[in-house]
Amino acid sequence: MTPVLYIVVPCYNEEKVLPLTSPMFLKKLLDLASAGKISRDSRILFVNDGSKDGTWKLISSLSDLNPHFAGISLSRNRGHQNALLAGLMYAKDRADVTISIDCDGQDDINAMDQMIDAYLDGADIVYGVRSDRKTDTFFKRTTAQGFYKFLNLMGAEVVYNHADYRLMSARALREFAQFKEVNIFLRGMVPLVGFKSTSVYYERHERLAGKSHYPLKKMLALAFNGITSLSIKPIRIITGFGFLVAAISLVGIVWSVIMGILQSPTGGWASTVSIMCFLGGIQLLSLGVIGEYVGKIYLETKARPRFIISETTGEKPASGESTGESSGSAPEEKGE
Ligand code: UDP
Ligand code: MG
């Protein structure tokens, strides 16, 4: 039996680009179905992430026109990662396999053929990896590459140049559903699921319309969230630095004592004050980093829902489930 594929597409204020990319997604779905690789019950599932423009109206009319289109709408804007999670969690009960992709046409949809082939070959997770970034601006390319290097340096291991274009089987998603954390960074968490995984390479295009929602500020926030949700290496670095400073101070003390005995005490308040200021700064920074982790714990203990679905379109609810789905604190039906 051919698998049911759900292409999960998060959309935030994308009324400009959706009319261009939705026919491309549909064509790819129909081509894959005609090639006998996926079932004709497959769907393109748009996730409206609380858009303020006409995105949801557009999704609703697409799904009215063609049964291959479906949509869910979140009750408010929750950010790309939560929107994607909402779509994947919704799809996991309806599909055999999912592919997540951005709606702006930047990721080459032709890589889906190889992804599906890899799935049919037994892979549960297939990462879409950008083979080059020629079309990105110099700034975007450098910051994005710095982003991956910094993440790895800080102990958050991610697949290099892989964003959120990936195939996941329903089995991998069911296991992933047990990852209950509220601060999510999907590309760092998915490899933790394990199973057979592989990568396919594609060239990244330019956005077809509209503009990026990831300026430097948001990218830094994403990197920071990724690091703190995947690794405690920054705290270890602080501990290491503490040891280093303590060791240097010990040498300084011994040196001052020896100089004192030799009757030539070291003078100069400037050096003393600057060292104190430097250490004061480092201490504040360290407190900030530790505070960041404490804040994360605070948010995690609340375990608020990561998303709330307010509306759906073009889709029958999966068996035994209502459409007012929310996730996060809700207990999973699945046993441990
Ligand atoms: N997106 C979203 N919620 C947000 C911001 C972005 O669902 O709050 C979606 C957006 O519609 C797009 C994807 O996430 O499909 C990636 O965003 P974008 O293309 O702006 O990022 P970039 O490719 O420039 O990193
Ligand atoms: Mg984009």
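In this text, all values refer to a predicted model and were calculated from it rather than measured experimentally.

**Thoughts on the overall build of the protein chain**
The number of helices and strands found in the protein chain is 10 helices and 9 strands. Overall, the protein chain is about 90 × 45 × 40 Å in size when its C-alpha atoms are taken along their principal axes. Here the protein chain, with 336 residues, has 45% of them falling under the buried criterion. Excluding contacts between residues fewer than 6 apart, the proportion of contacts in the protein chain whose partners are at least 24 apart in sequence is 81%. Carbon and sulfur atoms provide 63% of the accessible area of the protein chain, an area that totals close to 17100 Å². Of the side chains in the protein chain, 37 bear a positive and 34 a negative charge, and the two mean positions are spaced by 5 Å.

**Some details on the site of ligand 1**
Within the structure, ligand 1 sits among 19 residues, and Glu14, Asp49, Asp104, Ser212 and His213 are positioned closest to it. Between an oxygen atom of ligand 1 and a main-chain N or O atom of tyrosine 12, the distance comes to 2.9 Å. In this structure, histidine 80 approaches ligand 1 through a main-chain N or O atom, which is 3.4 Å from a nitrogen atom. For ligand 1, whose accessible area on its own is 530 Å², the fraction buried by protein is 95%. Here the residues of the shell around ligand 1 sort into 6 nonpolar, 6 polar and 7 charged.

**Some points on the side chain of arginine 187**
Note on placement: arginine 187 falls in helix H7 (residues 186-189). Look at arginine 187 and you get buried, because its relative accessible area is 7%. Side chain to side chain, arginine 187 and tyrosine 148 meet in a polar contact 3.4 Å long. Only 3.5 Å separates the side chain of arginine 187 from the side chain of aspartate 164, close enough to count as a polar contact. Beyond its immediate sequence surroundings of up to four residues, arginine 187 is in contact with Gln81, Phe147, Tyr148, Val158, His162, Ala163, Asp164, Arg166 and Leu222.

**A few points about the side chain of aspartate 102**
As for its position among the elements, aspartate 102 is in the loop between strand E4 (97-100) and helix H4 (111-120). Within polar-contact distance, the side chain of aspartate 102 engages the side chain of histidine 80 at 3.4 Å. Residues within four places of aspartate 102 in sequence aside, it is in contact with Val9, Phe25, His80 and Asp107.

**Comments concerning the coordination of the magnesium ion (ligand 2)**
For the magnesium ion (ligand 2), the full set of protein donor atoms is Asp104 (OD) and Gln106 (OE1), at a range of 1.9 to 2.0 Å. Since its relative accessible area comes to 4%, aspartate 104 is described here as buried. Given the relative accessible area of 10%, glutamine 106 is considered buried.

**Quick notes on the pattern of salt bridges**
Inspection of every chain in the model, using the stated rule, returns 7 salt bridges. A salt bridge links arginine 166 to aspartate 164; the shortest N-O distance between them is 2.4 Å. Of the two residues examined, arginine 166 and aspartate 164, each falls in the buried class. Note that arginine 187 is salt-bridged to aspartate 164, the shortest N-O span being 3.5 Å.

**Examining the packing of aromatic side chains**
Scanning the entire structure with this criterion turns up 4 aromatic pairs. On the basis of an interplanar angle of 20 degrees and a centroid distance of 5.8 Å, the ring pair of phenylalanine 46 and phenylalanine 69 is categorised as stacked. On the criterion of sequence distance, the pair formed by phenylalanine 46 in strand E2 (residues 43-48) and phenylalanine 69 in strand E3 (residues 69-74) is long-range, its members being 23 residues apart. Taking 5.6 Å as the distance between ring centres and 65 degrees as the angle between the ring planes, the aromatic pair formed by tyrosine 148 and tyrosine 160 counts as edge-to-face. One end of the pair, tyrosine 148, is in helix H5 (residues 138-153); the other, tyrosine 160, is in the loop between H5 and strand E6 (162-169), and 12 residues separate them in sequence. On the accessibility criterion, tyrosine 148 (2% relative accessible area) is buried.

**Focus on the nonpolar core**
One finds Leu5, Val9, Ile44 and Phe46 to be the most contacted residues of the largest nonpolar core, which totals 36 residues. Elements that contribute at least two residues to this core include exactly strand E1 (5-11), helix H1 (18-34), E2, helix H2 (55-65), E4, H4, E6 and strand E7 (197-203). If sequence neighbours within four positions are ignored, valine 9 has contacts with Phe25, Ile44, Leu45, Phe46, Val47, Ile101, Asp102 and Cys103. Counting residues in hydrophobic clusters, the runner-up holds 32 residues, among them Met89, Tyr127, Val129 and Ile184.

**Describing H2**
Every buried residue of H2 is accounted for by Thr55, Trp56, Ile59, Ser60, Leu62 and Ser63. All buried residues of H2 fall inside an arc of 160 degrees around its axis, so they share one side. Within H2, the exposed residues directed more than 90 degrees away from the buried face are Lys57, Asp64 and Leu65. If you follow the buried residues of H2, they end up packed against E1, H1, E2, E3 and strand E8 (307-313).

**Digging into unusual backbone geometry**
Of note, the phi angle at phenylalanine 195 is positive, near 70 degrees, even though the residue is not glycine. You can see phenylalanine 195 is positioned in the loop between H7 and E7. On the accessibility criterion, phenylalanine 195 (33% relative accessible area) is partly exposed.

Basis of the calculations
Residues numbered from 1 in each chain as written. Chains lettered and ligands numbered in written order. Predicted model: local features only at pLDDT ≥ 70, side-chain atom pairs only at ≥ 80, totals over all residues. Heavy atoms only, no water. Helix = DSSP H or I, 4+ residues; strand = E, 2+ residues; numbered from the N terminus. Buried < 20%, exposed > 50% of the residue type's maximum accessible area, 1.4 Å probe, protein only. Contact = heavy atoms within 4.5 Å. Areas by Shrake-Rupley, 256 points an atom, 1.4 Å probe, with all protein chains shown as cover. Lys, Arg positive; Asp, Glu negative; His and termini not counted. Charge placed at Lys NZ, Arg CZ, Asp CG, Glu CD. Near = heavy atom within 4 Å. Polar contact = N/O pair within 3.5 Å; in protein donor to acceptor, adjacent residues only side chain to side chain. Nonpolar A, V, L, I, M, F, W, Y, C, P; charged D, E, K, R; others polar. Donors = N, O, S within 2.8 Å, 3.2 Å for Na, K, Ca; no water. Salt bridge = Lys/Arg side-chain N within 4 Å of Asp/Glu carboxyl O. Phe/Tyr/Trp six-rings, centres within 6.5 Å; stacked < 30°, edge-to-face > 60°. Core = buried A, V, L, I, M, F, W, Y, C linked by side-chain atoms within 4.5 Å. Arc of directions from axis to C-beta.

Keep in mind these numbers describe shape, not what the thing actually does.
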